[in-house]
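Structure assessment
Listed below are the residues making up each chain.
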Amino acid sequence: MSDAAQPTAAEVRAAAEAVKTALDRHLAAVERRSGEDDPAVFEAFNQLAAAAEVYDELLYDRYDEVTPFEIPGAEDALPPYTGPEEPNALSVLIRRDYAVAEPQRLLAHAERIEAAEGDDGSPASGTVHGALGLLFGEFEPDEIASRHKEFGLEEGDSTLWVTAADEPADPGEWLEAPFEQVDPQQVVCRFDVSAVFDDEIDDVDDEDDADGDDLEDELESDLDEDEDLEPLDADRR
């Protein structure tokens, strides 16, 4: 970055003061919180996260230095629920990501689907996108999720959101843009599956395995020492 584009020392100092102010506001909101999902605490948290992000960027641009803090972004957490206490309707929003790991396996399944339907030789099964259309037209998404390896797919991240409403949506109302009108404050619950979480679990398992190996080595060492002991006399009291 050129000197002309770098923030000034005064701008970095001002950003630091903004973080201090945001910290005070966040603490005050926490001290006055009216419940677990107090919106004032949520707002103060977001303000603190934004101020810290600005300060961190300016600090790095000016001094090539970073802070030791990592505040999760506001998009990583749902806001407090403000939907109906007794919902009369709900929507389930699901996204599942896949990679086409084995195209030939996918194409072979598409050919079998066409043959069973009497469309053998149709060009639809000859392309990956055509095969995907046939696959999802034949099987329910949940079945594809459970059999994805059989179809040549590799599972990626997935998320499921359950949202509440007072009344069901009008037929056809949201079909053109199914996810655009989601209000995060209407989300009752959310479930995420990601390889990121699996990696974290694997790291913990590796540490546990290492600890277990150390304990096993200690036990084996103790057993080896016991083998050197003189056997007890069976008649000894």
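This next bit is on the pattern of salt bridges. Counted according to the given criterion, the structure contains seven salt bridges. Residue K20 pairs with E17 through a salt bridge whose shortest N-O separation is 3.2 Å. Here K20 pairs with E17, and both are found in helix α1 (residues 9-31), just three residues apart, close to one helical turn. Overall, K20 belongs to the partly exposed group, its relative accessible area being 43%. The exposure class of E17 is partly exposed, given its relative accessible area of 36%. The residue R105 makes a salt bridge to E102 at a minimum N-O spacing of 3.5 Å. Using a relative accessible area of 39% as the deciding quantity, one classes R105 as partly exposed. Taken together, the shared-partner salt bridges in this structure form one network comprising E143, R147 and E150.

Applying the stated criterion across every chain yields a total of one aromatic pair. The aromatic ring of F139 is capped on one face by R147, whose charged end is 5.1 Å from the ring centroid.

What follows deals with the nonpolar core. With 11 residues, the main nonpolar core is built from L106, L107, A110, I113, A131, L134, L135, F139, I144, F151 and L153. Ranked by residues supplied to this core, first place goes to helix α3 (residues 103-116) with four residues. The contacts of F151, once residues within four sequence positions are left out, are R105, L106, H109, L135, F139 and I144.

Our next topic: the environment of I94. Relative to the assigned elements, I94 resides in strand β1 (residues 89-100). The spacing of I94 and T159 is 65 residues in sequence and 5.8 Å in space, taken between C-alpha atoms. Among residues more than four places away in sequence, those in contact with I94 are T159, L160 and F179.

A few words now on the pairing of strand β2 (residues 153-165). Pairing of β1 with β2 involves 11 bridges; the strand directions are antiparallel. Residue pairing across strands places A99 opposite E154, the latter belonging to β2. Pairing between β2 and strand β3 (residues 187-193): six bridges, direction antiparallel. Counterpart to T163 in the pairing with β3 is V187.

Below, the discussion takes up the sheet that holds β1. Where strands meet in a sheet, backbone hydrogen bonds hold them as pairs that are either parallel or antiparallel. Here three strands make up an open sheet; going across it, the order is β1-β2-β3 and the pairing antiparallel. Sheet topology places β1 and β3 at the edges, where each strand pairs with a single neighbour. Recorded for the sheet is a direction-independent mean angle of 10° between the axes of neighbouring strands.

Turning our eyes to something else, we now look at the side chain of H109. Along the polypeptide, H109 turns up in helix α3. Side-chain polar atoms of H109 contact the backbone oxygen of E150, separated by 3.0 Å. Setting aside residues no more than four positions away along its own chain, H109 makes contact with E150 and F151.

Within helix α4 (residues 128-138) the residues assigned to the buried category are G130, A131, L134 and L135. The arc enclosing the buried residues of α4, seen along the axis, measures out at 135°, which places them on a common side. For α4, exposure combined with an orientation more than 90 degrees from the buried face picks out H129 and G137. Here the buried face of α4 lies against α3, α5 (141-146) and β2.

Parameters and conventions
Residues numbered from 1 in each chain as written. Predicted model: local features only at pLDDT ≥ 70, side-chain atom pairs only at ≥ 80, totals over all residues. Heavy atoms only, no water. Salt bridge = Lys/Arg side-chain N within 4 Å of Asp/Glu carboxyl O. Helix = DSSP H or I, 4+ residues; strand = E, 2+ residues; numbered from the N terminus. Buried < 20%, exposed > 50% of the residue type's maximum accessible area, 1.4 Å probe, protein only. Phe/Tyr/Trp six-rings, centres within 6.5 Å; stacked < 30°, edge-to-face > 60°. Lys NZ or Arg CZ within 6 Å of the ring centre and 35° of its normal. Core = buried A, V, L, I, M, F, W, Y, C linked by side-chain atoms within 4.5 Å. Contact = heavy atoms within 4.5 Å. Pairing = 2+ DSSP bridges. Axes fitted to C-alpha atoms, helices over the stretch in contact; angles between N-to-C directions. Polar contact = N/O pair within 3.5 Å; in protein donor to acceptor, adjacent residues only side chain to side chain. Arc of directions from axis to C-beta.

None of the figures reported here should be taken as evidence of function without further support.
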